[in-house]
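Survey of secondary and tertiary structure
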Amino acid sequence: MKLSIYRYNPEKDARPYMQDYEVQLEHSDRMLLDALIKAKAQDDSLSFRRSCREGVCGSDAMNINGKNGLPCITKLADLPQHVTLRPLPGQPVVRDLIVDMTQFFKQYHSIQPYVVNHEAPPERERLQSPAQREELNGLYECILCACCSTACPSFWWNPDKFVGPAGLLQAYRFIADSRDQDTAARLDNLEDPYRLFRCHSIMNCVDVCPKGLNPTRAIGKIKDLLVKRSV
Amino acid sequence: MSVHRVVTGSRNGLTDWLAQRVTAAIMAVYTVIVLIVLLGGPPISYAVWKDLFTQGWMRVATLLFAASLCWHMWVGVRNILMDYAKPEGLRLALQVMTLLTIAAYLGWTLHILWR
Ligand code: SF4
Ligand code: SF4
Ligand code: FES
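Every value quoted in this text rests on a predicted model; they were computed, and no experiment measured them.

**Let's talk about the pairing of strand β1 (residues 2-7) of chain A**
Residues and elements named next belong to chain A.
- Where burial is concerned, most of β1 is hidden: five out of the six residues are buried.
- In this structure, β1 lies alongside strand β2 (residues 17-22), joined through six bridges in antiparallel fashion. Each residue of the ladder has a partner; that of K2, found in β2, is E22.
- Alignment of β1 against strand β5 (residues 82-86), held across four bridges, turns out to be parallel. Bridging across to β5, L3 finds its partner in V83.

Below is the structure:
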């Protein structure tokens, strides 16, 4: 199989270039990440992130044949013989397939990604009913891989002002949490023209999420709450 | 992250978003009404057309439609400018131009309707 991989080492290269690798697949190679690791065995200057190799850490997100995804859970069987790999779009490249995620995590932290509760903590834990817990399904599973936000045109144009789909999904995750008491402040934080309302429901985020989550629906629910509290 | 106020001609994203939806609904209703009137009535001639627009309700409805269209346009064009026109000075200039153009169109509509 042939891999064309984006290469860029800012210390050595004047500009990025594409490099081809021919890798011999074995029977035990199931995922694209296996092929990438083979390519790295040929050329150890090739750099990419990976850790869990099973779709739970979110570190190996990249652009695979034009679509963001996780090589560790992308089946080789579903790919053509020639695969082009590029770093996540719109982010500063640190080296090869590794991008600088600072902006992405800044936006994530800006929504206060933790439960805020002003009451004294109970002896053991704050309980939820099964129905309340149900509300968090489809939200808590996010692994912060950034596939969605870096596929979102609104995030490309305004990464410093627009929270992006990943951050907004998490914003709703805490708004929807029965143990959280900060809903009003959370909504205030998203009411300006940029932080949430740069989303134009393009739905690229839904298209790429490797965990099958739906940030657009979460954004819609936040909009509903904003409307409800203002009428 | 503190929220830096940027010159956008907008203070609250929710208001714009709601306005865009409400104005879209008004335009849709007007379109349906006009279609019904045109298809259900006698064949269109200049006299029929003129008669239609001398009626007060039609004038008011059309004005409402035009105002909705203008507001809708303003939110939409400003959205585009917010995304793509990065230098604040340039954006401000383009926004002022947009507003003036829209105001001119609205004035013209008024003039046509009540002439
Ligand atoms: S919503 Fe999906 S694509 Fe976005 S960061 Fe979370 S897991 Fe990744
Ligand atoms: S739906 Fe919104 S957040 Fe998702 S890709 Fe489109 S603009 Fe971005
Ligand atoms: S290596 Fe952890 S998600 Fe792919």
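**A short note on the nonpolar core**
Residues and elements named next belong to chain A.
- L3, I5, L32, L36, V83 and L85 are the most contacted members of the largest nonpolar core, which has 37 residues in total.
- Elements with a contribution of two residues or more to this core: β1, α1 (32-42), β3 (62-64), β5, α2 (102-110) and α7 (204-208).
- A total of five residues in this core trace back to one element, the largest contributor, which is α1.
- Residues in contact with L36, not counting those within four places in the same chain, are L3, I5, L46, F48, M62, P71, L85 and L97.
- Formed by 27 residues, the second largest nonpolar core is a distinct cluster that contains F155, V163, A171 and L187.

**Here we look at the side chain of S110 of chain A**
All names here are of chain A.
- Here S110 is to be found in helix α2.
- Owing to a relative accessible area of 10%, S110 belongs among the buried residues under this scheme.
- A polar contact is formed between the side chain of S110 and the backbone oxygen of Q107, at a distance of 2.7 Å.
- Engagement of the side chain of S110 in a polar contact is seen with the side chain of R195, the distance being 2.9 Å.

**Description of the environment of G212 of chain A**
- Secondary-structure assignment places G212 of chain A in the loop between α7 and α8 (215-230).
- Sequence spacing of G212 of chain A and M1 of chain A is 211 residues, and the spatial spacing of their C-alpha atoms is 28 Å.

**What about the site of ligand 2?**
- Lining the immediate environment of ligand 2, one finds C152, S154, P165, C199, H200, S201, I202, M203, N204, C205, T216 and I219 of chain A.
- The residue makeup of the shell around ligand 2, split by class, is seven nonpolar, five polar and no charged.

**Quick notes on the site of ligand 1**
- All residues in the neighbourhood of ligand 1 are listed as C142, I143, L144, C145, A146, C147, C148, A166, L169, C209, P210 and K211 of chain A.
- A class-by-class count of the residues in the shell around ligand 1 yields 11 nonpolar, no polar and one charged.

**Brief notes about the interface of chain B and chain A**
- With 18 residues of chain B at the interface, the matching set in chain A holds 20 residues.
- Connecting chain B to chain A are one salt bridge.
- Residue R198 of chain A is joined to D83 of chain B by a salt bridge in which the shortest nitrogen-to-oxygen separation is 3.1 Å.
- Looking at the side of chain B that touches chain A, the elements that each hand over two or more residues are α1 (13-40) and α3 (56-84) of chain B.
- Per-class residue counts for the side of chain B that touches chain A are eight nonpolar, five polar and five charged.

**Here's the deal with the packing of aromatic side chains**
- What the rule picks out here adds up to eight aromatic pairs over all chains.
- For the pair W157 of chain A and Y84 of chain B, a centre-to-centre distance of 5.5 Å together with 55° between the ring planes defines the contact as tilted. Here W157 of chain A is found in helix α4 (residues 153-157), whereas its partner Y84 of chain B is found in helix α3 on a different chain.
- Seen from their ring centres, W49 of chain B and F53 of chain B are 5.1 Å apart, and the 50° between their planes marks the pair as tilted. In this pair, W49 of chain B and F53 of chain B both sit in helix α2 (residues 46-54), four residues apart, roughly one turn of the helix.

**Overview of the layout of surface pockets**
All names here are of chain B.
- Volume-wise, the largest pocket comes out at about 480 Å³.
- In this structure, the largest pocket is lined by 18 residues; those nearest its centre are W49, F53, I112, L113 and R115.
- Of all the elements in the fold, those that place two or more residues in the lining of the largest pocket are α2, α3 and α4 (88-113).
- Here the lining of the largest pocket takes seven residues from α3, the largest share from any one element.
- Looking at the lining of the largest pocket residue by residue, the classes come out as 12 nonpolar, three polar and three charged.

**Some thoughts on the confidence of the model for chain B**
- In this model, chain B carries a mean pLDDT of 89, and residues with pLDDT of at least 70 account for 92%.
- Interface confidence for the predicted complex, given as ipTM, is 0.79, next to a pTM of 0.89.

**Examining the pairing of β5 of chain A**
Residues and elements named next belong to chain A.
- Of the two faces of β5, the one holding V83 and L85 is buried and the one holding H82, T84 and R86 is not buried anywhere.
- The pairing of β3 with β5 spans two bridges and is antiparallel. By the bridge assignment for β5, I64 is matched with L85.

**Some words on the pattern of salt bridges**
Residue and element names in this part refer to chain A.
- Here the structure, examined in full by the defined rule, presents 16 salt bridges over all chains.
- For K2, the salt bridge identified is with D20, shortest N-O distance 3.6 Å. Taken as a pair, K2 in strand β1 and D20 in strand β2 lie far apart in primary sequence, 18 residues in all.
- Judged by relative accessible area, K2 falls into the partly exposed class, the value being 29%.

Reading the values: rules and limits
Residues numbered from 1 in each chain as written. Chains lettered and ligands numbered in written order. Predicted model: local features only at pLDDT ≥ 70, side-chain atom pairs only at ≥ 80, totals over all residues. Heavy atoms only, no water. Buried < 20%, exposed > 50% of the residue type's maximum accessible area, 1.4 Å probe, protein only. Helix = DSSP H or I, 4+ residues; strand = E, 2+ residues; numbered from the N terminus. Pairing = 2+ DSSP bridges. Core = buried A, V, L, I, M, F, W, Y, C linked by side-chain atoms within 4.5 Å. Contact = heavy atoms within 4.5 Å. Polar contact = N/O pair within 3.5 Å; in protein donor to acceptor, adjacent residues only side chain to side chain. Near = heavy atom within 4 Å. Nonpolar A, V, L, I, M, F, W, Y, C, P; charged D, E, K, R; others polar. Salt bridge = Lys/Arg side-chain N within 4 Å of Asp/Glu carboxyl O. Phe/Tyr/Trp six-rings, centres within 6.5 Å; stacked < 30°, edge-to-face > 60°. 1 Å grid on protein atoms, 1.4 Å probe; cavity = no way out; pocket = protein on both sides within 12 Å on 5 of 7 lines; lining within 4 Å. Points joined across faces, edges and corners; volume = space filled by probe spheres on them. pLDDT = per-residue confidence, 0-100.

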